[in-house]
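# Overview (structure and organization)
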Amino acid sequence: MNTLPLPRPHRRRISGVTVSLAMALGAIAMTGCSTTKEARHVTPAGFLGDYSDMRRGVGNEPYLVYGNPRADCRLYRKAMIDPVTLWARGDQSSLQQLEEKDRDMLRALGAEALRQTVTDAGMTIVDSPGPGVMRIRGAFTEAEKANVLLEDISAAAPYVSGAATVYAEGKGQALFTGDVAYELEYLDSVTGERLSAAVDKRVGLLDIRNLDAWDSVRAALKVWRERGTQRLISCHETGSFTTRPQEQTLDQKIESYRP
């Protein structure tokens, strides 16, 4: 009597890159590091108009920053938020290359980030100017999504990550990662006097947690939102828009050198 051989358990072959991706994902998830860092340089796009009073930020401040030394932040407990705009420097701007659906998404993400920044700081959002009302104007001046597949391979494969690190050292940004830049100002809603202003840019790190092409942009907005909230809380306590910034932590200093 002939018997049929029992079927062997199915074994799926897993590539070296897949194993590397899984191991890297586990290691990164345990560290909890940010997936973006501040860019080495930001070119003002013109949205703010006048940059002459702005200085280079230090610590965890934006790349360029201004605080009005004559204004009392404690007087402003309400905010009127203008629609977030996209302000391209020219035809070669990354914003010009985006599809309309991506532009709409950026405007929506920016608007939500500003609303949450203000409300988390205990301020009330209003629709019209008045005494004690701060007007907020903001614009994205650069935004580029990541090539997620190539970013993952660069992060996980040793033969690619070496070249990616060399590129990052020269350019200040890892291969295939996304980036986003913004310009922002707070104004007295009645007089138009500038209270505070900022210019900043963050770039993506090689990180296989970025499963969507816009994850680096969302991560940058999260950083800006949290820091913006803390600045508003601080200036409401001290009254000064020129509050001394916090020094970078060791983790933040290490992060700035990651590709």
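Data block above holds the structure.
The sections below set out a description of the structure shown in this document. (Residues numbered from 1 in each chain as written. Predicted model: local features only at pLDDT ≥ 70, side-chain atom pairs only at ≥ 80, totals over all residues. Heavy atoms only, no water.)

This part is about the overall build of the protein chain. When helices and strands are counted, the protein chain shows 6 helices and 9 strands. Relative to its full complement of 259 residues, the protein chain shows a buried share of 45%. When contacts within the protein chain are restricted to residue pairs at least 6 apart in sequence, those whose partners lie at least 24 apart make up 79%. As displayed, the protein chain offers around 14500 Å² of accessible surface, 55% of which is attributable to carbon and sulfur atoms. (Helix = DSSP H or I, 4+ residues; strand = E, 2+ residues; numbered from the N terminus. Buried < 20%, exposed > 50% of the residue type's maximum accessible area, 1.4 Å probe, protein only. Contact = heavy atoms within 4.5 Å. Areas by Shrake-Rupley, 256 points an atom, 1.4 Å probe, with all protein chains shown as cover.)

So, about the side chain of Ser189. Mapping Ser189 onto the fold places it in the loop between β8 (179-188) and β9 (194-204). For Ser189, a relative accessible area of 15% gives the class buried. Of the polar contacts made by the side chain of Ser189, one reaches the backbone nitrogen of Gly130; its length is 3.1 Å. Ignoring sequence-local partners within four residues, the contact set of Ser189 consists of Met80, Pro129, Gly130, Val133 and Arg135. (Polar contact = N/O pair within 3.5 Å; in protein donor to acceptor, adjacent residues only side chain to side chain.)

For helix α2 (residues 100-120), built from 21 residues, the straight-helix expectation of 30 Å at 1.5 Å per residue is met to within 8% by its first-to-last C-alpha distance of 30 Å. Inspection of α2 places Asp102, Met105, Leu106, Gly110, Ala111, Ala113, Leu114, Thr117 and Val118 among the buried residues, and these make up the whole buried set. As for α2, its buried residues are in contact with β4 (78-81), β5 (85-86), β6 (124-125), β7 (133-144), β8 and α5 (215-238). Following α2 by one or two positions, Gly122 has its phi on the positive side, about 85 degrees. (Expected span 1.5 Å × (residues − 1).)

A few words on the nonpolar core. Among the nonpolar cores identified, the biggest contains 33 residues, and Leu106, Met134, Ile136, Tyr186 and Phe241 are the most heavily contacted of them. If you list the elements that add at least two residues to this core, you get α2, β7, β8, β9 and α5. Leave out the neighbours within four places in its chain, and Met134 touches Tyr76, Lys78, Ala79, Met80, Met123, Tyr186, Leu187, Leu195, Leu232 and Phe241. Formed by 11 residues, the second largest nonpolar core is a distinct cluster that contains Val42, Phe47, Met54 and Tyr66. (Core = buried A, V, L, I, M, F, W, Y, C linked by side-chain atoms within 4.5 Å.)

Tracing the backbone shows Ser216 in helix α5. Put simply, Ser216 and Arg202 are 14 residues apart on the chain and 8.5 Å apart in space, counted from C-alpha to C-alpha.

Okay, empty space enclosed by the protein next. Evaluated as defined, the whole model comprises 2 cavities of 30 Å³ or more. Of the volumes computed, that of the largest cavity is approximately 40 Å³. Lining the largest cavity are Asn60, Glu61, Pro62, Tyr182, Asp200, Trp224, Arg227 and Arg231. The element best represented in the lining of the largest cavity is α5, accounting for 3 residues. In terms of residue class, the lining of the largest cavity is built from 3 nonpolar, 1 polar and 4 charged. (1 Å grid on protein atoms, 1.4 Å probe; cavity = no way out; pocket = protein on both sides within 12 Å on 5 of 7 lines; lining within 4 Å. Points joined across faces, edges and corners; volume = space filled by probe spheres on them. Nonpolar A, V, L, I, M, F, W, Y, C, P; charged D, E, K, R; others polar.)

What follows concerns the packing of aromatic side chains. Summed over all chains, the structure comprises 3 aromatic pairs. Judged by centre distance (4.4 Å) and plane angle (65 degrees), the rings of Tyr182 and Trp224 are edge-to-face. With Tyr182 in strand β8 and Trp224 in helix α5, this residue pair connects regions lying 42 residues apart in the sequence. Both residues of the pair, Tyr182 and Trp224, count as buried. (Phe/Tyr/Trp six-rings, centres within 6.5 Å; stacked < 30°, edge-to-face > 60°.)

Tallied over the full model, the rule gives 1 disulfide. There is a disulfide in this structure between Cys73 and Cys235, and the S-S distance comes to 2.0 Å. Of the two residues, Cys73 is situated in the loop between β3 (64-67) and β4 and Cys235 in helix α5; the sequence distance between them amounts to 162 residues. Exposure class is identical for Cys73 and Cys235. Each is buried. (Disulfide = S-S within 2.5 Å.)

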